[in-house]
Amino acid sequence: RLYGASFPLDSLTCFLTPDRISYEEAIKQEFKPFKVGQSFGPTWWTCWFRLEISIPKDWSGKEVHLVWESDGEGMVWRDRQPVQGLATEGKKTSYILSESLNPEEPHSLTFYVEQAGNGLFGAGDGSMIAPPDPNKSFTLHKAELVIFNKDVYELLVDFEILIDIAKLLGEDNQRSFQALYTANQMVNMCDVIDPSTFPAVHELARAFFAQKNGDSQHTIHAMGHCHIDTAWLWPYAETIRKCARSWVTVIRLMEKNPNFIFTCSQAQQFEWVRTRYPGLYAEIQDYARQGRFIPVGGTWVEMDGNLPSGEAMVRQFLQGQRFFKKEFGKYCTEFWLPDTFGYSAQLPQIMQGCGIKRFLTQKLSWNLVNTFPHHTFFWEGIDGSRVLTHFPPGDSYEMKSKVEDLLKTVKNHKEKGRLNHSTLLFGFGDGGAGPTQLHLDRMQRMQDVDGLPRTQQSTPDSFFSAVEADTSLLCAWKGELFLELHNGSYTSQAQIKKQNRKCECILHDVEMVSGLALVQKRTFQYPSAKLQHLWRLLLVNQFHDVLPGSCIQMVVEDALKYYEELRNSSTQLLKDAMLSLFQGSSGSTEGRNTVLNTLSWERTEVVSLQGPGQKKTLALVKVPSIGYTTVTESLKPTFPVTVTKQADGSVSMENGILRAIIDPIGRITSLYLLDCKREAISEGCYGNQFVIFDDIPLYWDAWDVMDYHLETRKPLMETLNPLEIVSSGGLRGCLKFSIRISKVSVIHQEVILDAMCPYLKFKTEVEWHEAHKFLKVEFPVRVHSMNSTYEIQFGHLQRPTHWNTSWDWARYEVWGHKWSDLSEHGFGVALLNDCKYGCSAHQNVMRLSLLRAPKSPDSNADIGHHQFTYAVQPHAGCFQEAGVIQCAYNMNFPLHIAPLECAGPEVGSWSAFSLPSPAVVLETIKLAEDRSDALLVRLYESHGSTVVTQLHTSLPVKEAFLCDLLEHTDPSKALPISDSSIELSFTPFQILSLILFLNEALN
Ligand SMILES: [Zn+2]
């Protein structure tokens, strides 16, 4: 009875294309007849339908809908504009032609429907997260005009809510009986074949809903939302259309529902709609001005919360906030990251630095082991920065505004007694679609109904302002928000992770060298626009299903293409900058190399130089901090490396710092720190022991590694090629060996010890053809400690090495960045890596997670060739004193040997910046945003200590100011410069950004 008379379309024709083409291009194509019930496809193709319709004249005064029930996601186009998204899974199957047909309005119309060959959740073969079936076909089940009986719909909504209240409030609640009896009376009064009885029936429900709550009732701030994964079970290109379909539907709902508020994150998605759908974008901007379509989050995409580097996280906000300010006139005031697999303990400081004091997420409700104790609390980062944090107590970002959603929100709410406000996010999500009229109609009825929480359409600002009015009873949580699930996502899709790390490093170098080149030569063109483009490629790939590796193969291919562009362009930009920086050299370059160091400490390392006639030769070089040196010959090492083969086939390598003994199958039987006479490897154990585990998660294949995988540990011991000596010492000792993983997979490794180097390096290649296996390498070390330390963004944190409580053992697989360390007082061992993130330390065994082999949603995930490097560094003292942080940076930011054509000045060394304190890392140098006369320099305190130090510079700095992470300077925070030095004070893990104005205008 919801629908009255129906009427067929006058004509339906279609055109099928493998590409996602524009409307203009589509309508020029040749359309062929199509019948309802027919199918189209395959997967990822698009079927454009042309619909000719004539609304019957005698439907005057009726609400007329075009009903469109089809597999796949659709978009209605009318008068060259997108007007309505359609998705059966998202409960959007009709487009309202007229709410009350007027005889004057046109009855004969032409529409187009752009129907995508994918559903809201892509095209998984059999299950949602299965790899897509490339040969799916999609059926158009219904396409017709109908009369929509609004009065029947209103009664259905009334009944649904009353019945839900009756069922869900329970038999001990009298309100439940009142709802039941109201519904019963309505049934008695309603004559289904006589619509004239409906208004009185509706009135009974209205009277029930009008019975209000007392003053003490909880207030739910409801906000429309539509989580659109920037790429996941569908490629980036489809997301662009998902945004348009979802948001145009939001605009239609806004036209009809004046209270409707919608929150929308991710600058990249706005940017896509801005360029591809300018008409829709103008409408969005209009509703944004009215404060109803609310940009939130402040980041370029909803990124992974663990793996991006500190600088990349800053850039998520810098690119995002600047976009929102430019396009919508203001910065976002809430960080919005509902769906990421954990949250770094450095985020509060980064948020604060980007003008954000409030944070919304809900993902910790997915914890498999422990229930997080708060929904609203202060979250405190490793530096002590605090942000007001809220988890919607409904544990979802896609509720449907049902009675059960409201009741769950109040029942779950952990801050009962402390706070009487919470949020509820409603609308279909993940694959898009967003809120529906039904969600809004439910909400309208349940605004203030005795027995249910008070519910209002609200903005994030109104909600957080209500909380901020009295925070005296709120609790605080210090440190990371660790998600006890999806811990395999630190390792899955190793190529994406490797390229992410490499690209973060190369962008660091390009910006730094370009900045220095600009100061040296004012005619140098700093590549601002190119760098913004390249940063955005990196940032979009940090989306929370791309960098974690939980996406389909098509997305992996897209991401790797972005990285390839990034690396190619960056390599050229770096070369351009070096050419400019070193220009002025003359004469032959034979036998002379310029070596560049982009890190803020002096380095003495073995590098491979370009010798005469293109020959590579090893040399030991010393390069000043953020500077370069010209090298004509190698320095003499204090102790050359010695390599000695022993009777049992083992080989000993020694460099005056370390002595390592490696057995014939590549395991370290001894790692001896000579100065302090300490053995690092546990007695009777082996370091560099490869181990493999069965890795079969309960459901989320690419995401999860379950605790029970640890029960299946198998050491790899089958030699393919036993240990042999590649390089017999001097500047470098190098050994190699190969071992079998299985019949189809093999590891080749070079073990490298350089002169003067405090760590032993493992250059590793793996041919990997496994299914549901997890490869790790382990180092059982002679260290006794309750905690191990892991590098995170701009700092580090500790996690337990024991499994005392459920909170401890739930962290059986954790993440870290360039290094992890296990130390007792006076001695410790660090593991360094150049592209890995998964790791763990249980008791005295340190593990680095290397490769997984999940099969969903990408059946080819990680299959093939891999190359990565890790290192082990035993050290005296604590890791801070031992320079572990610097060593890990050194491994990730190799010294650059300038190409021959930019050979550099004839002699000497040059350093742009130096710092006496080893605790402070100068992380970033770039041209300041919107300025041509100033550099931005970012530093952080890395030891966890309070430090006063000097930043020395050889650059002609006129004035220096502190600024925030969005690069706003505070004129009152000028820093005095004396003797080319600036005094800086840091608290533990504090990030400081400076704007340095140069003496002369740059370009
Ligand atoms: Zn998501």
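Residues numbered from 1 in each chain as written. Predicted model: local features only at pLDDT ≥ 70, side-chain atom pairs only at ≥ 80, totals over all residues. Heavy atoms only, no water.

As annotated in an unreviewed UniProt entry, the protein chain is alpha-mannosidase from Latimeria chalumnae. Of the comments in the UniProt record for the protein chain, the one headed Catalytic activity (unreviewed entry) reads "Hydrolysis of terminal, non-reducing alpha-D-mannose residues in alpha-D-mannosides." (UniProt positions renumbered as here; feature names shortened; annotations may be inferred.)

Another point: the overall build of the protein chain. Along the backbone of the protein chain there are 18 helices and 56 strands. By the compact-globule yardstick of 30 Å for 1003 residues, the protein chain fits well, its C-alpha radius of gyration being 32 Å. Expressed along its principal axes, the backbone C-alpha trace of the protein chain runs to roughly 100 × 60 × 60 Å. Residue burial in the protein chain is summarised as follows: out of 1003 residues, 62% are buried. Sequence separation of 24 or more characterises 74% of the internal contacts of the protein chain that already satisfy a separation of 6 or more. Total accessible area on the protein chain stands at roughly 36,200 Å², and carbon and sulfur atoms take up 51% of it. Each charge class in the protein chain was averaged separately, 93 positive and 115 negative side chains, and the resulting centres sit 2 Å apart. (Helix = DSSP H or I, 4+ residues; strand = E, 2+ residues; numbered from the N terminus. Rg over C-alpha atoms; globule rule 2.2 N^0.38 Å. Buried < 20%, exposed > 50% of the residue type's maximum accessible area, 1.4 Å probe, protein only. Contact = heavy atoms within 4.5 Å. Areas by Shrake-Rupley, 256 points an atom, 1.4 Å probe, with all protein chains shown as cover. Lys, Arg positive; Asp, Glu negative; His and termini not counted. Charge placed at Lys NZ, Arg CZ, Asp CG, Glu CD.)

What follows deals with the coordination of the zinc ion. In the first shell of the zinc ion, the protein supplies His227 (NE2), Asp229 (OD), Asp339 (OD) and His544 (NE2), at 1.9 to 2.1 Å from the metal. Relative to the metal, the 4 donor atoms surrounding the zinc ion lie at angles of 90 to 159 degrees, and the coordination shape comes out irregular. Read in sequence order, the donor residues coordinating the zinc ion give the pattern H-x1-D-x109-D-x204-H. One end of the pair, Asp229, is in the loop between β12 (219-225) and α5 (236-256); the other, Asp339, is in the loop between β15 (334-336) and α9 (347-353), and 110 residues separate them in sequence. Of the two residues, Asp229 and Asp339, neither departs from the other in class, the shared state being buried. (Donors = N, O, S within 2.8 Å, 3.2 Å for Na, K, Ca; no water. Tetrahedral: all angles 85-135°; square planar, octahedral: opposite > 155°, others 65-115°.)

Inspection of every chain in the model, using the stated rule, returns 9 cavities of 30 Å³ or more. The computed volume of the largest cavity comes to approximately 240 Å³. Lining the largest cavity we find 21 residues, and of these Ser309, Gly310, Glu504, Lys818 and Glu923 sit closest to its centre. Residue assignment for the lining of the largest cavity shows that the elements contributing at least two residues are α8 (310-328), α13 (494-520) and β38 (787-792). When residues of the lining of the largest cavity are assigned to their parent elements, the largest contribution, 4 residues, is made by α13. Partitioned by chemical class, the residues of the lining of the largest cavity number 10 nonpolar, 5 polar and 6 charged. Both of domain 3 (490-581) and domain 5 (641-877) provide at least three residues apiece to the lining of the largest cavity. Considering only enclosed or pocket space, the second largest cavity measures out at about 120 Å³ in volume. Of all elements in the fold, only β39 (795-800) and β43 (838-842) reach the threshold of two or more residues within the lining of the second largest cavity. The element best represented in the lining of the second largest cavity is β43, accounting for 3 residues. (1 Å grid on protein atoms, 1.4 Å probe; cavity = no way out; pocket = protein on both sides within 12 Å on 5 of 7 lines; lining within 4 Å. Points joined across faces, edges and corners; volume = space filled by probe spheres on them. Nonpolar A, V, L, I, M, F, W, Y, C, P; charged D, E, K, R; others polar. Domains from an automatic or database assignment.)

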